[in-house]
Amino acid sequence: MALTGGDNVDIWHRLGRIIRISNLGTVIFFVLNILLIIAVFGSSGNIFELILIYFITVAISLSPTGEMFLAAFAGARDIKRVDIKLRVIPLVQYVLDKANETTPYCPKKVKVLLVHDSAPNAFALGKRTLCITDGLLTLSDDMILGVLAHEIGHLSYGHTVIQLLIGGGNLFISGCLLLIKLSCWIFSAIMGLFAIGSRSGIIGLITGLFAGISTVLSWLWVKFCMLFLMWSMRQNEYLADEFAYRIGFGLELATVLDQHLSDVPNDGFLKALYSTHPCNDDRVAALQNLGVPYSRYQY
């Protein structure tokens, strides 16, 4: 179901929302991917064609078709039940109206989809898609408003467009990495057969080392690139929280973060480092620093 919001903004507003410090990690992520393409395929003479294919996959991911497939992959479907529509749609429209009072870059249309999941959650996709779970409907209206304000913040800042860019870019890069791995495995298999035929232990040892090192390097490359991407995603969560506060739903968001939404894993530094969301305590603290009068305790 589509809802109307504010007016469209010009290209400069859109660029201003994307070109910010919080997206620096995403920019580094893309630069590293392009450098990988150049390093691996630069000597083939087809480097410009490959980079063009890379950007074509990104463009496809930004299209309505890409957004539709992303929603389907997430298990999001159109809302069919009348009672759910009567519960959710007015709340979404209320948040959109509040956002457009002070925010000129809110999306003009928001499509609301439903995910059958008992955990209370919501997430934004693409340019104008908002997904909610069955579990979110078990919360109070105030808490739902806080969650919706946060997700509309993601849409307004263009964070979800960046996610589409990441999805399209990852599709191509994953293909490149798979091609590299297959090439290494084929080379290792040929050299392994040669080592067996010649009964050369040295060749066999070199072949095993080559296969192992190439696999480890591919894994490390992905992990290294993801470090920058995850950092940007965590910074954007703070921005979306601040957006919710600016349009008047900071207390509602702090309440639902502290009492109902699941937190990031806290049993290890690496898990936190590769998490897409900051710790809920940190997010509540940031909202309190903005001026939200939330407290878990009654004094």
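Preceding this paragraph is the structure being described.
Since the structure is predicted, the reported quantities are computational estimates derived from the model, not experimental observations. Each chain carries its own residue numbering, running from 1 in the direction its sequence is written. Under the rules for a predicted model, residues below a pLDDT of 70 receive no local features and side-chain atom pairs below 80 are neither given nor counted, while totals for whole chains, interfaces and linings still include all residues. The side-chain figures draw on all heavy atoms in the structure; neither hydrogens nor water molecules are used.

Trainee: What is the right way to look at the overall build of the protein in this model?
Mentor: In terms of regular secondary structure, the protein is built from eleven helices and five strands. Remark: exposure states derive from per-residue accessible area (1.4 Å probe, protein chains only) relative to the maximum for the residue type, with buried under 20%, exposed over 50%, and partly exposed in between. When each of the 299 residues of the protein is scored for burial, the buried share is 41%. For this analysis, residues touch if any pair of their heavy atoms sits within 4.5 Å. Nonlocal contacts in the protein, meaning residues at least 24 apart in sequence, comprise 72% of its contacts between residues at least 6 apart. Each accessible area value is a Shrake-Rupley result obtained with a 1.4 Å probe; residue values ignore everything except the protein chains displayed when judging cover. By element, 67% of the accessible surface of the protein is carried by carbon and sulfur atoms, the whole surface being about 16,200 Å². Helix and strand labels come from DSSP, where a helix needs a run of H or I of at least four residues and a strand needs a run of E of at least two; each type is numbered from the N terminus.

Trainee: How should I be thinking about the side chain of E237 in this particular structure?
Mentor: Within the fold, E237 resides in helix α8 (residues 201-246). In protein, a polar contact requires one atom able to donate a hydrogen and another able to accept it; more generally it is a pair of N or O atoms within 3.5 Å, and residues adjacent in sequence count only if both atoms are side-chain atoms. At a separation of 3.4 Å, a polar atom in the side chain of E237 contacts the side chain of H277. Setting aside anything within four residues of it in sequence, one finds E237 in contact with H150, H154, T276, H277, P278 and R283.

Trainee: What's the story with a positive patch on the surface in this structure? I'm lost.
Mentor: Judged by side-chain charge, K108, K109, K127 and R128 come together as a positively charged surface patch. Among the secondary structure elements, R128 is positioned in the loop between β4 (122-125) and β5 (129-133). You can call R128 partly exposed: its relative accessible area is 38%. Residues with no salt bridge and a relative accessible area higher than 30% make up the patches, which join like charges within 9 Å and nonpolar side chains (Val, Leu, Ile, Met, Phe, Trp, Tyr) within 5 Å. Salt bridges, as used here, are contacts in which a Lys or Arg side-chain nitrogen is within 4 Å of a carboxyl oxygen on Asp or Glu. This count recognises Lys and Arg as positive and Asp and Glu as negative, with His and chain-terminal groups excluded. All charge positions are set by atom: Lys at NZ, Arg at CZ, Asp at CG, Glu at CD.

Trainee: It is not clear to me how a nonpolar patch on the surface should be interpreted in this structure. Could you clarify?
Mentor: Taken together, the side chains of L24, V27, V31, L35, I38 and W231 present a nonpolar region at the surface, about 500 Å² in accessible area. Considering every element that reaches the nonpolar patch, the biggest residue donor is helix α2 (residues 24-41), with five residues. Judged by its relative accessible area of 42%, V31 is partly exposed.

Trainee: Which parts of the structure should I look at to understand the environment of T26?
Mentor: For T26, the location among the structural elements is in helix α2. Owing to a relative accessible area of 6%, T26 belongs among the buried residues under this scheme. A C-alpha to C-alpha distance of 6.1 Å links T26 and S232, two positions 206 residues apart in sequence.

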